[in-house]
Amino acid sequence: MSTYQVTHLKTGEQVTRPGALLNPHLKPAGKERHEVDPSVEAYHAQLPHYGSTTLHSLPFVAHELGFAYVFLKDESTRFGLPSFKILGASWAVHRALCFRLGLDASATTLEKVKQALVSPKAADIRLVTCTEGNWGRAVSRMAKYYAIPATIYVPGFMNEYTRSLIRGEGADVKVLEDGSYDDTIAAVQHDTKTHPEALMVMDTSWPGYTEIPGWVTEGYSTLMTEVDRQVSAQTNGASLPVLAVASVGVGSWAHSVVSHYHTSSPGHASNKIVTVESIAAACLKESLHCGDVTPVRTGDTIMNGMNCGTPSTIAWPVLRDGVYAAVTVNDQESHGCVQELQALGANAGPCGAATLAALRKVCNEQMIGKEERKSMCVVLFSTEGRREYDVPT
């Protein structure tokens, strides 16, 4: 098995890790079904460009690896943006604005919030967040819908193309030239503490800041229920255990995937969730090795949306207990799968294509046996569409 080196942020300790890990902390799936709030999807239906994204069937990959089905959920066209992040951002912004304005989020439409924001009684509100990619653009898009300003802090490694996309949504982009993603979190915290109009909307959490990140995770439930309907339609209603493969940055998205598949499928204790991270920022996998949240030093990667050094505190216990295996991939593996999926007609960027690379690694390492694969349905979550990046050599 391939290996990589990781450096602990707090101590500077450097360790060598294998490319894949069977989670030693995995617990049996819970018996209680994970309940989905129907008001989330009802809210999303009000947004411009609402509609389901494509679920691609990949029969050649299924045959190659010995699965009953392999599907790829293509999030390259979600609400007119090339990433799924708008699902979590929109619901979190809606809930946060309703809370600030004293409105009932489940009974308040997007238009009613817009009306309340221009009321003489409404104080000025400015959305503030940080991003390594698509999250910042999604929050900026929501600020544009609500006609309020947004400030987005970004790390220096973000390329100018991505910065320009966020600016194109009307946001004020503040670049920390020598800063990491964790440094941008500190900048957002400072901005929020020193400016009363600032409303912090983050998809990661820490002690004392958990409610809004929880709403982000809730927002992704629309995608999960959508996938359930599409898989059922394409398998003629077959009831098969699912192998879900999800990318990890801070873990809020994987939190939603684990909550859905590890607790919401009665009779399917054989569902499995595999996470994938870049070797440049494998904070979840390192935390699983160490048994607790372990921040790591990050490096450069084409998988910008996964370039985070610290797992979300509310996501951590769910991922610790529910992830079957944690896998890392390098830029060459991710880029190779971008090209492969392109040839198959699927629009996937490096973060999305990383799921296919992880699936192959799990199979090559025999983490799931050949007999078990024959009755499994794989769902690869491709969280972003193709974008510009420096091709790895």
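- Per an unreviewed UniProt entry, the protein carries the name Tryptophan synthase beta chain-like PALP domain-containing protein and comes from Friedmanniomyces endolithicus.

1. What about helix 4 (residues 110-117)?
- Within helix 4, burial applies to Leu110, Val113 and Leu117. Buried positions in helix 4, seen along its axis, are confined to an arc of 60 degrees and lie on one side of it.
- The inward-facing, buried residues of helix 4 contact helix 1 (38-44), helix 3 (85-101) and helix 5 (134-146).

2. Considering empty space enclosed by the protein
- Tallied over the full model, the rule gives 3 cavities of 30 Å³ or more.
- For the largest cavity, the calculated volume is near 160 Å³.
- Every residue lining the largest cavity is counted, 18 residues in all, and those nearest its centre are Phe84, Lys85, Ser247, Gly249 and Gly305.
- A per-element tally of the lining of the largest cavity places helix 10 (residues 252-263) first, with 3 residues.
- Class assignment for the residues of the lining of the largest cavity results in 7 nonpolar, 8 polar and 3 charged.

3. Brief notes about helix 14 (residues 350-364)
- Between its first and last C-alpha atoms helix 14 spans 21 Å; for 15 residues at 1.5 Å apiece the expected length is 21 Å, and the two agree.
- Burial runs high along helix 14: 14 of the 15 residues are buried.
- Trailing helix 14 by a residue or two, Gln366 shows a phi angle of about 55 degrees, which is positive.

4. A word on the environment of Asp178
- Structurally, Asp178 can be placed in the loop between strand 8 (172-176) and helix 7 (181-194).
- Along the primary structure Asp178 and Pro155 are separated by 23 residues, whereas in three dimensions their C-alpha atoms are 7.2 Å apart.

5. Digging into the sheet that holds strand 8
- Strand order in the open sheet formed by 4 strands is 8-7-6-9, and the pairing between neighbours is parallel. Lying at the two open borders of the sheet, with one neighbouring strand each, are strand 8 and strand 9 (198-200). Averaged over all pairs of adjacent strands, the angle between their axes in this sheet comes to 25 degrees, without regard to strand direction.

6. Some details on the packing of aromatic side chains
- Throughout the structure, instances matching the rule amount to 8 aromatic pairs.
- Judged by centre distance (4.9 Å) and plane angle (40 degrees), the rings of Phe84 and Tyr220 are tilted. In this pair, Phe84 is assigned in the loop between strand 5 (69-74) and helix 3 and Tyr220 in the loop between helix 8 (211-219) and helix 9 (221-234), connecting sequence segments 136 residues apart. Both residues of the pair, Phe84 and Tyr220, belong to the buried class.
- What makes Tyr220 buried here is its relative accessible area of 0%.
- Pairwise contacts between aromatic rings join Phe84, Tyr220, Trp253 and Phe381 into one cluster.
- A cation over a ring is seen here: Arg78 above Phe79, with NZ or CZ 5.8 Å from the ring centre.
- Seen from the ring of Tyr324, Lys272 lies directly overhead, with NZ or CZ sitting 5.0 Å from the centre.

Rules and cut-offs
Per chain, residues are indexed from 1 in the order of the written sequence. Local features in this predicted model are restricted to residues of pLDDT 70 or higher, and side-chain atom pairs are both shown and tallied only at a pLDDT of 80 or more, whereas totals for entire chains, interfaces and linings draw on every residue. Side-chain metrics in this entry use all non-hydrogen atoms of the structure; hydrogen atoms and water are not considered. The rule is simple: take the accessible area with a 1.4 Å probe, protein chains only, and divide by the maximum for that residue type; under 20% is buried, over 50% is exposed, in between is partly exposed. Secondary structure is summarised from DSSP: a helix means a run of H or I of at least four residues, a strand means a run of E of at least two, and numbering begins at the N terminus for each. Throughout, the arc means the angular range of directions from the helix axis out to the C-beta atoms. Whether two residues touch is decided by their heavy atoms; if any such pair falls within 4.5 Å, the residues are in contact. The method works on a 1 Å grid over the protein atoms by themselves. A cavity is a set of points holding a 1.4 Å probe that cannot get out, a pocket is an open set with protein on both sides within 12 Å along at least five of seven lines, and residues with an atom within 4 Å of a point line them. Grid points are joined across faces, edges and corners, and a volume is the space filled by probe spheres set on the points. Residues are grouped as follows: Ala, Val, Leu, Ile, Met, Phe, Trp, Tyr, Cys and Pro are nonpolar; Asp, Glu, Lys and Arg are charged; all remaining types, including Gly, are polar. Given a helix with a known number of residues, its expected span is that number minus one, times 1.5 Å. Between any two strands, at least two bridges found by DSSP are needed for them to pair. The axes are straight lines fitted to the C-alpha atoms, using for helices just the contacting stretch, and the angles between their N-to-C directions are given from 0 to 180°. Centre distance within 6.5 Å is the pairing criterion for rings of Phe, Tyr and Trp, where only the six-membered ring of Trp is used; planes under 30 degrees apart are then read as stacked, over 60 as edge-to-face, and the remainder as tilted. The rule for a charge over a ring is simple: NZ of Lys or CZ of Arg within 6 Å of the ring centre, and within 35 degrees of the ring normal.

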